[in-house]
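Summary of structural features
So the chains spell out like this:
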Amino acid sequence: MKYIVRYGEIGIKSPKIRRKFENKLIQNIQTDLSCEFQNDQGRLILITDEEDDKVNEVLQHVFGIVSYSKIVETITDKEKIAQLIDKLIPKLIENGKFDPEKQTFAVKCRRVGNHDFTSQEMAGYCGSVVIKLTNAKVNLSNPDFTLYVEVRENKTYIYYEKIQALGGLPVGSQGRVICLISSGIDSPVAAYEMLKRGCSITLLHCNNTPYTKDTLDKVKQQASNLQKYSLGSKVKLYSVEFGKYLKAVIENAPPRMTCVLCKSGMYQIAEYLAHKQKANAIVDGSSIGQVASQTLSNLEATRYHCRMPIFSPLISRDKIEIEEIAKKIGTYDVSIIPDGGCSAVPKHPETHANLQLVNEIVEKIDQKELLKEVEETIVKIDF
Ligand SMILES: Nc1ncnc2c1ncn2[C@@H]1O[C@H](COP(=O)(O)OP(=O)(O)OP(=O)(O)O)[C@@H](O)[C@H]1O
């Protein structure tokens, strides 16, 4: 079987970068699909013996692909093209893809190269072949069924559907980021958004026991859910003992500051891991105003002591939008398994942290020293 694989943004890169990204895209697809590729003047043609379901499964999970089509191919010769349409249309009718008695149709032709016909002439010619076969009605402006004819120099590809894929950039074409992952809904979605932009991801989970239940199992499941979108780049997962730090915070800082200091500590631990992993940024699932800890002043105060860029790809998203993505990518069902919340959250958490006050408290509790102990507990987790 052959497929045209279309990419979006990769196509507007310089030839050198495009080749690099294209190679990464091919490598990622080949991680899970036994196939070969031909590059036909900017069109990637995938050739495989695998079943359609397997091909769809892989192409629907690889970032960098905008759409793809299963194709049939012949040489650019009117007779041969007509013969191919003669063979293809009855199959499509049999599979329920085209019902010439009820549906109108159009042929769309694109052409690259020098030929003794225009695209419109070829479309008209192919249309007459379909009419002769089926007697179907033509509707050029709003057809129920479209037959695409793509003429490329001496090869012609024919297909009937463009299947939308994920878009984005091939995973591994950008650097690595550290994604703070909780057991909730948002952080796996934030990690997914970074995969979409071509980043490789390392997940870091802060184990807040005894203030929360041990949620590592949920996080492991999310890591393997995210791995499906990271073909060609192994998702790494780390866990760190954070409960001892929280205990020191609860004992030595004003109660209302617990959540601010918790988050501030998480970013700094993530920064430590980022240096170890040669990662360039930290990612979290914050969204402005979603919970008390995510007011603008808290976002500022919690990030102040971290030098590395912190990206929050969901910062402007509504909860409903985030939940929709979580459902689509398959992380939602794991996220909503109840885990009881965090007992370290005070009755009245600070919602408008004063930066100067936070700085004073950070000094007073010797946050840097506390976090050094935490750093030593980072462990790699298999999933
Ligand atoms: N235990 C944890 N380990 C690692 N990162 C965490 C942890 N808890 C929270 N985070 C990070 O901080 C972000 C904000 O967490 P917070 O609990 O304030 O909001 P949330 O909307 O409940 O997030 P989520 O739905 O991702 O749990 C999370 O999206 C995640 O990136």
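About the cut-offs
For every chain, the first residue of the written sequence is number 1, and numbering continues from 1 along that sequence. At least 70 in pLDDT is required for a residue's local features to be given in this predicted model, at least 80 for side-chain atom pairs to be given and counted, and no such filter applies to totals for whole chains, interfaces and linings, which use all residues. Each side-chain value is derived from all of the structure's non-hydrogen atoms; neither hydrogens nor water enter the calculation. UniProt positions are given in the numbering used here, feature names are shortened, and annotations may be inferred rather than shown by experiment. One heavy atom suffices: a residue is near a molecule or strand as soon as one of its heavy atoms comes within 4 Å of it. Any N or O atom pair separated by 3.5 Å or less is treated as a polar contact, with the protein-specific requirement of one donor-capable and one acceptor-capable atom, and with residues adjacent in sequence counted only for side-chain atom pairs. All accessible-area figures derive from a Shrake-Rupley calculation using a 1.4 Å probe, and residue coverage is judged against the displayed protein chains alone. Each helix is a run of H or I in the DSSP string that is no shorter than four residues. Each strand is a run of E no shorter than two, and both are numbered from the N terminus. Note on residue classes: Ala, Val, Leu, Ile, Met, Phe, Trp, Tyr, Cys and Pro are nonpolar, Asp, Glu, Lys and Arg are charged, and everything else, Gly too, is polar. Salt bridges are counted wherever a side-chain nitrogen of Lys or Arg sits within 4 Å of a carboxyl oxygen of Asp or Glu. Note on classification: 1.4 Å probe, protein chains only; a residue is buried when its accessible area is under 20% of the maximum for its type, exposed when over 50%, partly exposed between these limits. All domain edges in this entry derive from an automatic or database-based domain assignment. Working rule for contacts: check all heavy atoms of both residues, and any pair within 4.5 Å makes them a contact. Accessible area that two parts lose when put together, evaluated with a 1.4 Å probe and summed over both, is termed the buried area. Here, any two strands with at least 2 DSSP bridges between them count as paired. A helix's residues, less one, multiplied by 1.5 Å, set its expected span. As used here, the arc belongs to the directions running from the helix axis to the C-beta atoms.

The protein carries the name Probable tRNA sulfurtransferase in an unreviewed UniProt entry, which gives Methanosphaera cuniculi as its organism. UniProt, in its Subcellular location (unreviewed entry) section for the protein, records the words "Cytoplasm". Check the Pathway (unreviewed entry) section of the UniProt entry for the protein; it says "Cofactor biosynthesis; thiamine diphosphate biosynthesis."

**Some words on the site of the ligand**
In the neighbourhood of the ligand, 19 residues make up the surrounding shell, with Leu-180, Ser-182, Asp-186, Ser-187 and Gln-290 lying closest. Separating a nitrogen atom of the ligand from a backbone N or O atom of Ile-181 is a distance of 3.3 Å. Separating an oxygen atom of the ligand from a backbone N or O atom of Ile-185 is a distance of 3.2 Å. Within the complex, 85% of the 580 Å² of free accessible area of the ligand lies under protein. Put simply, the parts of the chain that give the shell around the ligand at least two residues each are helix H5 (186-196), strand S11 (200-207) and helix H8 (258-277). For the shell around the ligand, the element with the highest residue contribution is S11, accounting for three residues. Across the shell around the ligand, the residue classes break down as seven nonpolar, nine polar and three charged.

**Some points on the pattern of salt bridges**
In the structure shown here, the tally under the stated rule is 14 salt bridges. A salt bridge links Glu-150 to Arg-43; the nearest nitrogen and oxygen atoms lie 2.6 Å apart. One end of the pair, Glu-150, is in strand S7 (residues 145-152); the other, Arg-43, is in strand S3 (residues 43-48), with 107 residues separating them in the sequence. Like Glu-150, the residue Arg-43 is buried in the burial classification. Ionic pairing is found between Glu-251 and Lys-247, a salt bridge with its closest N-O pair at 3.1 Å. Residue Glu-251 and its partner Lys-247 are both found in helix H7 (residues 243-252); the two are separated by four residues, about one turn of the helix. Among the ionic contacts, a cluster of salt bridges with common partners joins Arg-43, Glu-150 and Arg-152.

**Re the domain arrangement of the protein**
Domain annotation of the protein identifies domain 1 (2-164) and domain 2 (176-380). When each unit is reduced to the centre of its C-alpha atoms, the spacing between domain 1 and domain 2 is 44 Å. On the domain 2 side, the residues contacting the 10 residues of domain 1 number eight residues. With both sides pooled, the region where domain 1 packs onto domain 2 buries about 790 Å², and carbon together with sulfur makes up 60% of that total. Ionic pairing is found between Glu-9 and Arg-197, a salt bridge with its closest N-O pair at 3.0 Å. Counting every contact that joins domain 1 to domain 2 gives two residue pairs in polar contact (both at pLDDT 80 or more). Broken down by element, the side of domain 1 that touches domain 2 gets its largest block of residues, four residues, from helix H1 (residues 15-32). A per-class count over the side of domain 1 that touches domain 2 returns three nonpolar, four polar and three charged.

**A few points about the UniProt feature "binding site: ATP" (unreviewed entry) in the protein**
The UniProt feature table records "binding site: ATP" (unreviewed entry) at Leu-180, Ile-181, Lys-263, Gly-285 and Gln-294. Of the residues examined, Ile-181 reaches a relative accessible area of 3% and is grouped as buried. Tracing the sequence through the fold places Gln-294 in the loop between strand S13 (281-283) and helix H9 (296-303). Setting aside anything within four residues of it in sequence, one finds Gln-294 in contact with Ser-286, Ser-287, Ile-288, Gly-289 and Leu-299. Among the polar contacts made by the side chain of Gln-294, one reaches the main-chain amide nitrogen of Ser-287 at a distance of 3.0 Å.

**Thoughts on the UniProt feature "domain: THUMP" (unreviewed entry) in the protein**
In the numbering used here, UniProt assigns the "domain: THUMP" (unreviewed entry) feature to residues 53-162. The annotated region residues 53-162 carries 36% helix and 32% strand content, and the separation between its end C-alpha atoms amounts to 16 Å.

**Side note on the sheet that holds strand S10 (residues 176-180)**
Reading across the sheet, the six strands line up as S14-S13-S10-S11-S12-S15 and stay open at both edges, with mixed pairing between neighbours. Pairing within the sheet leaves two strands with one partner each, and these edge strands are strand S14 (310-311) and strand S15 (379-380). Where strand S12 (residues 236-241) lies against S15, two bridges are found, and the strand directions are antiparallel. Of the residues in S15, the one forming a bridge with Tyr-238 is Lys-380.

**Things to note about helix H4 (residues 119-134)**
With 16 residues, H4 extends 22 Å from end C-alpha to end C-alpha; this agrees with the ideal 22 Å at 1.5 Å per step. Where H4 is concerned, the buried positions are Met-122, Ala-123, Cys-126, Gly-127, Val-129, Val-130 and Thr-134. One side of H4 carries all its buried residues, which in axial view fall inside an arc of 155°. When the buried face of H4 is taken as reference, the exposed residues oriented beyond 90 degrees from it are Gln-120 and Lys-132. Packed against the buried residues of H4 are helix H3 (78-94), strand S5 (104-112) and S7.

**Description of the pairing of strand S8 (residues 155-159)**
With four of five residues buried, S8 lies mostly within the body of the structure. Both strand S4 (residues 65-75) and S8 contribute to a ladder of four bridges, which runs antiparallel. Considered in S8, the bridge of Val-72 is made with Ile-158. In this structure, the hairpin formed by S7 and S8 is closed by a connection of two residues, where Glu-153 is found at a positive phi of approximately 45°.

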